Amino acid sequence: MVERLDTGLYQLIVERAPDAMILADQQGVIRLWNPAAEALFGHTANEAVGQSLDIIVPERFRENHWTGFRRAVAEGATKYVGRVLPTRSITKDGSTIYLDKTLSILRDDA
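Residues numbered from 1 in each chain as written. Predicted model: local features only at pLDDT ≥ 70, side-chain atom pairs only at ≥ 80, totals over all residues. Heavy atoms only, no water.

Draft legend 1. Summary view of the nonpolar core. The biggest cluster of nonpolar side chains holds 14 residues, and the ones touching the most others in it are I30, W33, F41, A48, L53, I55 and I56. Those elements that place two or more of their residues in this core are strand 2 (30–33), helix 2 (35–41), helix 3 (45–48), helix 4 (62–75) and strand 4 (96–101). Non-local contacts of F41, meaning those with residues more than four positions away in its chain, are made with A20, I22, W33, I56, S89, I90, T91, K92, I97 and L99. (Core = buried A, V, L, I, M, F, W, Y, C linked by side-chain atoms within 4.5 Å. Buried < 20%, exposed > 50% of the residue type's maximum accessible area, 1.4 Å probe, protein only. Helix = DSSP H or I, 4+ residues; strand = E, 2+ residues; numbered from the N terminus. Contact = heavy atoms within 4.5 Å.)

Now the structure itself:
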């Protein structure tokens, strides 16, 4: 029998993770932004949640980002899941940062 962890434990894991964790909905609106994301990008969770992923995607990469994002949402998959991808991002002050990202696609009954 598989035991389920309670949501409080999941929340602690996300909050204490040393890596930035960001969850965006199907429209690319940020729904979760953990403390490590705050430290990396400079936006507080209150500033980031409800905003578009554009706050961290450099303008010159946005068209390609959204093309790939929409395709992944429509197909429910992407070839990049589980791979570490080097990329550029922007911080709150507009600085460019280089980072490694990984992607996951989550689905629920809704």
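Draft legend 2. Broad picture of the packing of aromatic side chains. The full count for this structure, using the stated rule, is two aromatic pairs. Judged by centre distance (5.5 Å) and plane angle (45°), the ring pair of W33 and F41 falls under tilted. Here W33 matches F41 in class, with each residue buried. When the centroid spacing of 5.2 Å and the interplanar angle of 70° are considered together, the rings of W66 and F69 count as edge-to-face. On the criterion of helical spacing, the pair formed by W66 and F69 is a turn pair, its members being three residues apart in helix 4. For the pair W66 and F69, one class covers both residues: buried. (Phe/Tyr/Trp six-rings, centres within 6.5 Å; stacked < 30°, edge-to-face > 60°.)

Draft legend 3. Geometry of helix 4. An ideal rise of 1.5 Å per residue puts 20 Å on 14 residues; helix 4 measures up with 20 Å between its terminal C-alpha atoms. Inspection of helix 4 places H65, W66, F69 and A72 among the buried residues, and these make up the whole buried set. For helix 4, the angular spread of the buried residues around the axis is 130°, confining them to a single face. Within helix 4, the exposed residues directed more than 90 degrees away from the buried face are E63, N64, R70, A74 and E75. One or two positions beyond helix 4, positive phi appears at G76, with a value near 70°. (Expected span 1.5 Å × (residues − 1). Arc of directions from axis to C-beta.)

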